[in-house]
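The residues making up each chain are set out below.
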Amino acid sequence: RTFPDSELASAQVARELADFIRERAAAGQTAVVGLATGSSPTRVYEELVRLHQQEGLSFQNVVSFNLDEYYPMAPDSLQSYVRFMHEYLFDHVDIRPENIHIPDGTVLPEQVADYCRDYEAQIVAAGGIDWQLLGIGRTGHIGFNEPGSGSGSRTRLITLDHITRTDAASDFYGEENVPRRALTMGVGTILEARHVVLLAWGEGKAAVVKRLVEGEPTDTVPATYLQHHPAVQVVLDEAAAAEL
Ligand code: GLP
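Residues numbered from 1 in each chain as written. Predicted model: local features only at pLDDT ≥ 70, side-chain atom pairs only at ≥ 80, totals over all residues.

Under an unreviewed UniProt entry, the name given to the protein chain is Glucosamine-6-phosphate deaminase, and the source organism is Hymenobacter rubripertinctus.

Here's what the structure looks like:
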């Protein structure tokens, strides 16, 4: 779905997510949402906050699982995804703190494997992800599933691609300060979400969007595995759609 600009697109995505949350609430059920960080979803979060403040959208029935976190990363660091999510969404809505899940960048190295298995188990215990929001990196990553990530990969510690670290350099005041690793849900974890919405804005994403939509599924561009998913929407502005 291509929109004239990212603002209109984000407002539409936020309304659709809000409708889903309300439907579930009306049925007395939870809405399990997978959330993303980065610049792509920020306007969606702003609109959800507006819907909460002005239209009474409640997050009391929302259970959230974030895709990823740098490793190592203290939650109170400027660059942590914990801080990001609180700043853009959680601090402004009525989500229950115990329903928020974000991979923990402070887990000890020897506990990472158990921690990642437990993260997966918590998703399963919540009933699986109903609605997954995604961005896409220039390497073709979803979450932090860099090139080489297989379609069956699960939550794990990965090494960040050089391009991803270059793209994150300004957030960390220099590439040398960007962590070399991250915790991320796997491609397989993401593919199990029942409904997936991927956002991409701007001409810088046009080339990877073309590979995502028109390329053969390959672990060289892990996002291409979304082509196997039965219910995925790719939401673009005109610049990101320019090469299709
Ligand atoms: C980040 C995140 C991804 C995100 C991607 C794109 O590093 N870990 O989940 O989708 O890179 O970021 P942006 O939306 O800022 O372009």
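On we go.
Student: Just to check I follow, could you spell out the overall build of the protein chain for this structure?
Tutor: Scanning the protein chain from terminus to terminus reveals seven helices and 10 strands. Along the first, second and third principal axes, the C-alpha atoms of the protein chain reach 45 × 45 × 35 Å. Taking all 244 residues of the protein chain together, 42% fall into the buried category. Across the protein chain, contacts joining residues at least 24 apart in sequence account for 79% of those joining residues at least 6 apart. (Helix = DSSP H or I, 4+ residues; strand = E, 2+ residues; numbered from the N terminus. Buried ≥ 20, exposed ≤ 12 C-beta atoms within 10 Å, placed from the backbone. Contact = placed C-beta atoms within 7 Å.)

Student: What's the story with the UniProt feature "domain: Glucosamine/galactosamine-6-phosphate isomerase" (unreviewed entry) in the protein chain in this structure? I'm lost.
Tutor: Here the UniProt-annotated "domain: Glucosamine/galactosamine-6-phosphate isomerase" (unreviewed entry) positions come out as residues 5–228. End C-alpha to end C-alpha, residues 5–228 measures 27 Å, and it is 35% helix and 15% strand. (UniProt positions renumbered as here; feature names shortened; annotations may be inferred.)

Student: When you look at the packing of helix H1 (residues 6–26) against helix H2 (residues 42–55) in this model, what are you seeing that I'm missing?
Tutor: One way to put it is that H1 packs onto H2 with a least axis distance of 8 Å and a crossing angle of 50°. One way to sum up the angle between H1 and H2 is to call them oblique. Relative to H2, H1 is oriented so that their crossing is right-handed. On H2, the residues touching Ser6, Glu7, Ser10, Ala11, Val13, Ala14, Leu17 and Ala18 of H1 are Arg43, Val44, Glu47, Leu48 and Leu51. Broken down by class, the residue content of the contact of H1 with H2 amounts to eight nonpolar, two polar and three charged. (Axes fitted to C-alpha atoms, helices over the stretch in contact; angles between N-to-C directions. Parallel < 35°, antiparallel > 145°, perpendicular 65-115°, else oblique. Left-handed = near helix turned anticlockwise from the far one by under 90°. Nonpolar A, V, L, I, M, F, W, Y, C, P; charged D, E, K, R; others polar.)

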